[in-house]
Amino acid sequence: MTSHSADTSQSGSIDHVLHERRLFPPSAEFTKNARISSVQQYEDMVAAARDTRDDFWRKEALEHLHWFEPFGDVCQWEAPHAKWFVGGKTNACYNCVDAHVAAGRGDKLAIIWEGEPGDQRKLTYRDLQIEVAKCAEAFAQLGVGQGDVVSIYMPMTPELAIAMLACARIGAIHSVIFAGFSAESIADRNNDASAKLMITSDGLYRRGKVLPLKETVDEALAKSTSVEKCLVLRRTGGEVPMTEGRDVWWHDVVDTQPGELAAVPLDSETPLFILYTSGSTGKPKGILHTTAGYNLWARRTFEWVFDYRDDDIYWCTADCGWITGHSYIVYGPMTAGATCMMYEGAPNHPAEDRFWDLVERHKVTVLYTAPTAVRAFIKWGDEHVDKHDLSSLRLLGSVGEGINPEAWMWYHSKIGGGRCPIVDTWWQTETGGIMMSPLPGITPTKPGSCTKPLPGVIPNIVDELGNEVDSEHGGKLCISEPWPGMLRGIWGDPERFVEQYFSDVPGQYLTGDNARCDRDGYYWIMGRIDDVINVSGHRLSTIEVESALVSHPHVCEAAVVGRPDDLKGQAIAAFITTTGRDTDDEFLKELKMHVRKQIGALAQPDDIRVTAALPKTRSGKIMRRLLRDVAAGRELVGDTSTLEDLASISQLQESE
Ligand code: WT7
């Protein structure tokens with residue numbers, strides 16, 4: 001396996017992490033007011049969730065979700081198939097919205113939104129209830145009902161959250177597609193999920209420019225076989241062609257509804273959403289989450305990890321196109337009744353202090369962002385931070401990749417003023433919510449470690465053969481028991497679900513990450529075991545990018561690897577062989593655009609190197625490990641200026 005070179009390329013400073021000894025205990029001040037305020041309290045929860053799992057989660061579900069009809073069994077587990085809160089009826093939209101109105105909290109702000117150009121909107125939970133009901137009513141008019149899939153390709157506007165919740169309200173299944181993906185990617189996802197309705201906007205603002213979303217969607221819909229209608233939000237106001245009989249404006253069909261439709265009681269295991277993510281093959285998989293278990297997991301992990309308080313102004317800077325936005329902008333915080341900031345645009349528009357300006361003006365108390373953003377802020381310079389009063393902040397979160405100790409220290413001192421605990425949250429699209437994280441009132445943190453599992457999470461570290469290993473040494477990270485927020489399947493591919501996640505160690509969920517656990521029981525994520533790379537906290541399959549490259553008529557073969565990058569964590573390096581066409585800069589530019597068009601901007605290779613041959617083993621496997629070293633500029637013996645030399649080196653190495 002090539003896991004070790006993956007490790008180094010993932011963090012770029014793995015030695016540093018391994019030798020990390022600093023310990024930052026929470027302040028007495030923070031602990032005093034924290035939701036979970038003693039180690040004993042945490043250990044009792046962990047023990048209860050482990051030893052009396054069903055009792056623990058029964059109580060949690062009864063207290064923290066609304067039930068139209070009670071459930072029977074708490075968990076039916078026939079690995080790898082789980083059912084939680086069996087036979088009960090609830091509704092995630094009701095839990096996120098109506099429950100607060102019903103409890104007399106309708107006037108509380110649900111969303112404080114700011115668009116990139118500076119426009120602002122505030123929606124209370126009551127406002128949200130009306131908007132969501134209107135949107136659900138429009139769905140009915142557009143022929144969308146329970147079990148139908150709705151693709152959402154939108155900017156970060158309140159309507160994005162409203163559309164998601166409107167699906168949940170009637171039992172339609174949303175599939176949010178990040179608004180940076182290409183027409184090809186949208187069409188693939190639409191077709192894989194048999195989406196019936198597509199929701200988009202005319203355009204979106206990014207760094208002062210308008211990106212023509214509807215144009216991309218039109219191109220995608222030409223290749224989408226199942227989509228019948230397209231609902232279009234006017235956001236940027238540009239001219240967009242509307243296809244007669246297919247396209248309708250949001251302001252025509254949503255805003256004109258009465259806004260009275262009630263949430264439909266739904267079985268606990270009703271599919272809530274599909275979210276596509278990259279695996280180790282070329283085809284993204286539609287991760288399926290269902291209603292009750294996911295909803296409960298999102299809520300409780302939100303409350304525990306972010307030490308949620310009623311007066312918090314909470315801001316997760318993710319996009320709803322990723323799982324972080326699903327769980328920690330919409331379902332977690334809203335079920336808890338939190339006030340969420342939502343921001344549409346880039347962190348450096350109009351200037352590099354936009355985030356800090358937002359924090360100051362809206363008095364954000366809890367900030368959840370990604371290491372790649374933190375590294376960009378460091379690069380942009382402290383002066384952008386120094387201009388602003390960040391004293392409202394009390395807690396900081398990190399997600400997407402491990403946060404390297406340097407970035408951790410800067411985040412801690414510069415943004416957190418040395419007083420805010422940092423929660424480094426490890427989880428995945430598949431896990432539905434946070435799995436390991438410090439609890440800010442009690443866990444002394446070590447920069448670079450996601451510390452300990454949350455109650456109900458039972459990690460297990462195994463070797464290549466699936467045997468338990470000395471966890472200090474490290475190995476593949478599995479989760480050995482079911483938890484409410486776990487994925488329920490891969491859309492349309494039950495075999496891949498079993499094979500991918502539950503066959504290495506039968507009955508245990510294989511995360512795809514390597515990890516080790518130190519003497520204090522702290523976990524350190526060591527990077528992926530598969531061909532998945534992590535670019536700016538986003539998952540990409542190297543094979544996906546390779547497929548895009550070879551779909552160009554002049555590319556014969558392609559090998560893609562991640563290489564360490566100061567800002568992105570990993571950058572994409574591609575090695576290709578060609579049909580012999582002129583391989584000048586123009587051609588390389590054309591290729592980059594080609595990948596952009598096939599997948600989206602986030603998959604565009606940072607460098608492409610043309611070579612006469614790719615280094616392969618005798619059995620014909622591309623030696624990615626070697627290419628990783630080349631891409632990272634690591635020392636190889638011999639002349640490494642061309643890959644022809646490398647090919648011969650690899651053959652030599654192999655025959656040794
Ligand atoms: C993969 C999951 C979790 C939501 C965003 C990404 C890596 C994520 C951490 C962390 C080390 C992390 C893992 C994981 N990852 N958070 N705190 N420390 N690694 O979700 O796209 O499903 O990616 O991101 O490799 O498997 P995702």
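About the criteria used
- Residues numbered from 1 in each chain as written.
- Predicted model: local features only at pLDDT ≥ 70, side-chain atom pairs only at ≥ 80, totals over all residues.
- Helix = DSSP H or I, 4+ residues; strand = E, 2+ residues; numbered from the N terminus.
- Rg over C-alpha atoms; globule rule 2.2 N^0.38 Å.
- Buried ≥ 20, exposed ≤ 12 C-beta atoms within 10 Å, placed from the backbone.
- Contact = placed C-beta atoms within 7 Å.
- Pairing = 2+ DSSP bridges.
- Right-handed = clockwise from strand over helix to strand, strands pointing away.
- Near = placed C-beta within 6 Å.
- Nonpolar A, V, L, I, M, F, W, Y, C, P; charged D, E, K, R; others polar.
- Arc of directions from axis to C-beta.
- Axes fitted to C-alpha atoms, helices over the stretch in contact; angles between N-to-C directions.
- UniProt positions renumbered as here; feature names shortened; annotations may be inferred.
- Left-handed = near helix turned anticlockwise from the far one by under 90°.
- Core = buried A, V, L, I, M, F, W, Y, C linked by C-beta atoms within 7 Å.
- Parallel < 35°, antiparallel > 145°, perpendicular 65-115°, else oblique.

Draft legend 1. The arrangement of the overall build of the protein in detail. Assigned secondary structure in the protein consists of 22 helices and 30 strands. Against the 2.2 N^0.38 benchmark of 26 Å for 656 residues, the protein shows a C-alpha radius of gyration of 24 Å, consistent with a compact globule. Over its C-alpha atoms, taken along the principal directions, the protein stretches across nearly 75 × 65 × 55 Å. Residues classed as buried in the protein amount to 56% of the 656 residues present. Contacts in the protein between residues far apart in sequence, at least 24 positions, make up 71% of those at least 6 positions apart.

Draft legend 2. Region of the structure containing unusual backbone geometry. In this structure, Pro80 follows Ala79 across a cis peptide bond, with omega equal to 0°. Its location among the elements puts Pro80 in the loop between strand S1 (75-78) and strand S2 (81-84). Omega for the bond connecting His349 with Pro350 falls within 30 degrees of zero, at 0°, which places this linkage in the cis form. One can find Pro350 in the loop between strand S17 (339-343) and helix H14 (354-362). A positive phi angle, close to 55°, is found at Lys363, a residue other than glycine. Locating Lys363 in the fold gives a position in the loop between H14 and strand S18 (366-369). For Lys363, a count of 15 C-beta atoms within 10 Å gives the class partly exposed. One non-glycine residue, Ser536, lies in positive phi territory at about 50°. Tracing the backbone shows Ser536 in the loop between strand S26 (532-535) and strand S27 (538-541).

Draft legend 3. Here's a closer look at the pairing of strand S16 (residues 313-316). Two elements, S16 and S17, share 3 bridges in a ladder whose sense is parallel. Each residue of the ladder has a partner; that of Ile313, found in S17, is Thr339. Read as a crossover between parallel neighbours, the route from S16 over helix H13 (residues 323-336) to S17 is right-handed.

Draft legend 4. Looking closely at the site of the ligand. Residues in contact with the ligand amount to 22 residues; listed here are only the nearest, Gly402, Gln428, Thr429, Ile525 and Arg539. Those elements giving two or more residues to the shell around the ligand turn out to be H13, strand S20 (422-425), strand S24 (509-517) and strand S25 (523-528). Of the residues assigned to the shell around the ligand, the class counts are 7 nonpolar, 10 polar and 5 charged.

Draft legend 5. Looking closely at helix H18 (residues 494-502). All of the buried residues along H18 are Phe497, Gln500 and Tyr501. Here the buried residues of H18 occupy an arc of 85° about the axis, which is enough to place them on one side. In H18, the exposed residues that point more than 90 degrees away from the buried face are Glu495 and Glu499. For H18, the secondary structure elements touched by its buried residues are strand S23 (489-490) and S24.

Draft legend 6. Summary view of the sheet that holds S18. The 7 strands are arranged S5-S4-S17-S16-S18-S19-S20 in an open sheet whose pairing can be described as mixed. Both edges of this open sheet fall to strand S5 (120-124) and S20, since each of them pairs with a single strand only. Pairwise comparison of adjacent strand axes, ignoring direction, gives a mean angle of 20° for this sheet. As judged from the 4 bridges shared by strand S4 (residues 109-114) and S17, these two strands associate in the parallel manner.

Draft legend 7. Here's a closer look at the UniProt feature "domain: Acetyl-coenzyme A synthetase N-terminal" (unreviewed entry) in the protein. With numbering matched to this structure, UniProt assigns "domain: Acetyl-coenzyme A synthetase N-terminal" (unreviewed entry) to residues 42-96. The span residues 42-96 shows a helical share of 49% and a strand share of 18%, and its end C-alpha atoms are spaced 26 Å apart.

Draft legend 8. How the structure looks around the sheet that holds strand S22 (residues 475-479). An order of S21-S22-S24-S25 is seen for the 4 strands of this open sheet, with the pairing classed as antiparallel. Each of the sheet's edge strands pairs with one partner strand only, and the pair in question is strand S21 (459-462) and S25. Looking at each pair of strands side by side, their axes are set apart by 45° on average, direction ignored. Of the strand pairs in this sheet, S22 and S24 are connected by 4 bridges, and their pairing is antiparallel. Residue Cys478 lies in a different strand from S24, and its bridge partner there is Leu510.

Draft legend 9. Structural view of helix H15 (residues 371-380). For H15, the set of buried residues is Pro371, Thr372, Ala373, Val374, Arg375 and Phe377. On its buried side, H15 packs onto S18, helix H16 (383-386), strand S19 (395-399), helix H17 (405-415) and strand S29 (569-578).

Draft legend 10. Representation of the environment of Pro459 in the model. As for its placement among the helices and strands, Pro459 is situated in strand S21. Taking the C-alpha atoms as reference, Pro459 lies 38 Å from His362; in sequence the two are 97 residues apart. Excluding its chain neighbours within four sequence positions, the residues that come into contact with Pro459 are Pro453, Leu477, Ile479 and Tyr523.

Draft legend 11. Region of interest: the packing of helix H6 (residues 92-102) against helix H8 (residues 158-170). In contact at an axis separation of 7 Å, H6 and H8 are set at 115° when each is read in the N-to-C sense. The element H6 and its partner H8 pack so that their crossing is left-handed. For the pair H6 and H8, contact is made by Ala92, Cys93, Cys96 and Val97 and by Leu165, Ala168 and Arg169, respectively. In the contact of H6 with H8, the residues fall into 6 nonpolar, no polar and 1 charged.

Draft legend 12. How the structure looks around the nonpolar core. Formed by 191 residues in total, the largest nonpolar core has its most connected members in Val132, Val150, Ile152, Ala163, Met164, Leu165 and Ala574. Ranked by residue count, the leading element in this core is H8, at 10 residues. For Val132, the residues in contact, after removing those within four places along its chain, are Cys93, Val97, Ile162, Leu165, Ala166 and Arg169.

Draft legend 13. Looking closely at the UniProt feature "binding site: Mg(2+)" (unreviewed entry) in the protein. Taking the UniProt record as the reference, the feature "binding site: Mg(2+)" (unreviewed entry) is found at Val550, His552 and Val555. Inspection of the secondary structure assignment puts Val550 in helix H19 (residues 542-550). The exposure class of Val550 is partly exposed, given the 14 C-beta atoms found within 10 Å. Ignoring sequence-local partners within four residues, the contact set of Val550 consists of Val555, Glu557 and Ala558.

Draft legend 14. Main features of the packing of H6 against H13. At a closest axis distance of 8 Å, the pairing of H6 and H13 adopts a crossing angle of 50°. As far as their axial angle goes, H13 and H6 are oblique. Note that H6 runs across H13; the crossing there is left-handed. Contact residues: H6 offers Ala92, Asn95, Cys96 and Val97, while H13 offers Val330, Tyr331, Met334 and Thr335. Here the contact of H6 with H13 is built from residues that sort into 6 nonpolar, 2 polar and no charged.

Draft legend 15. Structural detail: the pairing of S27. Burial along S27 is two-sided: the face carrying His538 and Leu540 and the face carrying Arg539 and Ser541 are both buried. Relative to S27, S26 runs antiparallel, the two being bridged by 4 bridges. Bridging from a neighbouring strand, Asn534 pairs with Arg539 of S27. Counted between consecutive antiparallel strands, the loop separating S26 from S27 contains 2 residues, among which Ser536 sits at a positive phi close to 50°.

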